[in-house]
Structures are given as C-alpha cells and as structure tokens.
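Spelled out from the first residue to the last, the chains are:
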Amino acid sequence: RPTGRMTMQLDTIKVEEDPKDVTFTLTVADSSRYTPKSRKLYFTVSRLVRKNHWTRVYLSESSARRLVFDEVNISLRDLAAGDESRAMRLEIYREAPVRVGGFDVLSRERLLGHIQMSIKSLRAVTEGKSLQWFDSAAGPVAGGVSVVMNRTEGKTYKLGLVINC
C-alpha cells in the first residue's frame, strides 16, 4: 500500500513559430560590500510560475572577485515560457566558505539582491536608463541597475546590465 504525497507544478508554455533568444551581459560595479576577499559571486535567472513561485532557468558559475560575467544566452521559451510579459528575476548571490579545522568544507550563500522585470518591459527601456534594484539589506534602490545595452539582432534580444550598488 503506497504512502506519501507528491506535488507537481505545471507551467504553460507559449509555443512560438519563430523562436527567439535573450542574451544577457552582466557586470557588478566594483563594491567592497559585494566583493570582499575570499568571496565568490554568482547569479541566477528565474521565471515566475505562479504568485511567489519561481523556477530557476539559469545558474552562473561562481568566481572569486569576478565582476564581469560571461555572456549568457537563454531561449525565450526557457526564460519566459514563450511569453514576453511573464515576470523574470535576476538574483546575485555571494558564496562564502565555512572553515572547519583549517579546511573549507561547506559554503553558505547570501542573496545580495535582485531585479525583477519582464522581457517586454525591459525591451522598452532605452540604453542609459536605470532600473530599480532590490537590495536584500537596504531594500529598493532606485537607479541601482544601469541598462548599457538593449538591442535586437535578428532573433536575439541583447541586454547589458550593470549592478551599481
């Protein structure tokens, strides 16, 4: 007799005849708060499935004191389930080792902050404009993210963001 419980989350995906990609370029402006010695930064990109439930679609590699991340290419289908109006979230984390007996055995992660938007709203922002950053310690920071690139090349949306906090 089986026991237990299983929960499934289903997500509708809008199928596009003309598939598109989104390319992110992300830079974290030099800040001792975000890049103290022996800390690693990484970022995630998630899409909204339903109210307050996010599905991670990308996890970057972490690197010590890395402020410019490699360009990331994500299909619109993965990023927003094919719907440019669907909310997505880009989060920056700091990873720190936990030392036991002189060895790094575990790592803790700390959310530094995030930006939440949709591809549709982001495409409407012109280069040179800024967006609101949600700092995990300080709360909303107006102008915390600068849009340094926002253009369409063929079937690819190219977005360049700089976190200024």
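Each remark here, short or long, concerns the structure printed above.
Residues numbered from 1 in each chain as written. Predicted model: local features only at pLDDT ≥ 70, side-chain atom pairs only at ≥ 80, totals over all residues. Heavy atoms only, no water.

### Concerning the overall build of the chain
Heads up, the condition is: Put simply, DSSP marks the helices as runs of H or I at least four residues long and the strands as runs of E at least two long, and each gets a number from the N terminus on. Only heavy atoms matter for contacts: two residues are in contact if any of them lie within 4.5 Å across the pair. For the accessible areas, the method is Shrake-Rupley and the probe is 1.4 Å, while residue cover comes only from the protein chains on display.
Assigned secondary structure in the chain consists of 2 helices and 10 strands. Written out in order from the N terminus, the α and β elements of the chain read β-β-β-β-β-α-β-β-α-β-β-β. When contacts within the chain are restricted to residue pairs at least 6 apart in sequence, long-range pairs at least 24 apart make up 58% of them. Here the chain displays about 9,900 Å² of accessible surface, and carbon together with sulfur accounts for 49% of that area.

### Comments concerning the environment of Lys129
Heads up, the rule is: The classification of residues rests on relative accessible area computed with a 1.4 Å probe and restricted to protein chains. Under 20% of the type maximum is buried, over 50% is exposed, and intermediate values are partly exposed.
Within the secondary structure, Lys129 sits in the loop between helix H2 (119-123) and strand S8 (130-135). The partly exposed category is assigned to Lys129, whose relative accessible area is 48%. For the pair Lys129 and Val145, spaced 16 residues apart in the sequence, the C-alpha separation amounts to 8.6 Å.

### Re the side chain of Asp135
Here is the rule: Polar contact criterion, stated in full: a pair of N or O atoms within 3.5 Å, where within protein one must be able to donate a hydrogen and the other to accept it, and residues adjacent in sequence count only if both atoms are side-chain atoms.
You can see Asp135 is positioned in strand S8. A polar contact is formed between the side chain of Asp135 and the backbone nitrogen of Ala137, at a distance of 2.8 Å.

### So, the pairing of strand S9 (residues 139-153)
Heads up, the condition is: A pair of strands counts as paired when DSSP detects no fewer than two bridges linking them.
Sheet topology places S8 next to S9; 5 bridges connect them, and they run antiparallel. Bridge pairing links Phe134 to Pro140 in S9. Once S8 ends, the chain turns through 3 residues before running back antiparallel as S9. As paired strands, S9 and strand S10 (residues 156-163) are joined by 8 bridges and run antiparallel to one another. Bridging from a neighbouring strand, Val147 pairs with Leu161 of S10. The antiparallel pairing of S9 with S10 creates a hairpin that spans 2 residues between the two strands, and Gly154 there sits at a positive phi of about 65°.

### Some remarks on the packing of aromatic side chains
What counts, and what does not: Pairing of aromatic rings covers Phe, Tyr and Trp, the last through its six-membered ring, and needs centres within 6.5 Å; plane angles under 30 degrees mean stacked, over 60 mean edge-to-face, and all others mean tilted.
Inspection of every chain in the model, using the stated rule, returns 3 aromatic pairs. Ring geometry for Tyr42 and Tyr93: centres 5.2 Å apart, planes at 10°, overall stacked. A residue pair is termed long-range when its members are at least 10 positions apart, and Tyr42 in strand S2 (residues 40-50) and Tyr93 in strand S6 (residues 87-100) qualify at 51 residues. Residue class for Tyr42 comes out buried when judged on its relative accessible area of 5%. Take Tyr93: its relative accessible area is 11%, and that puts it in the buried class.

### Observations regarding the pairing of S10
Within S10, 8 of the 8 residues are buried, which leaves it mostly tucked inside the rest of the structure. Burial of S10 is two-sided: the residues Thr156, Lys158, Gly160 and Val162 facing one way and the residues Tyr157, Leu159, Leu161 and Ile163 facing the other way are all buried.

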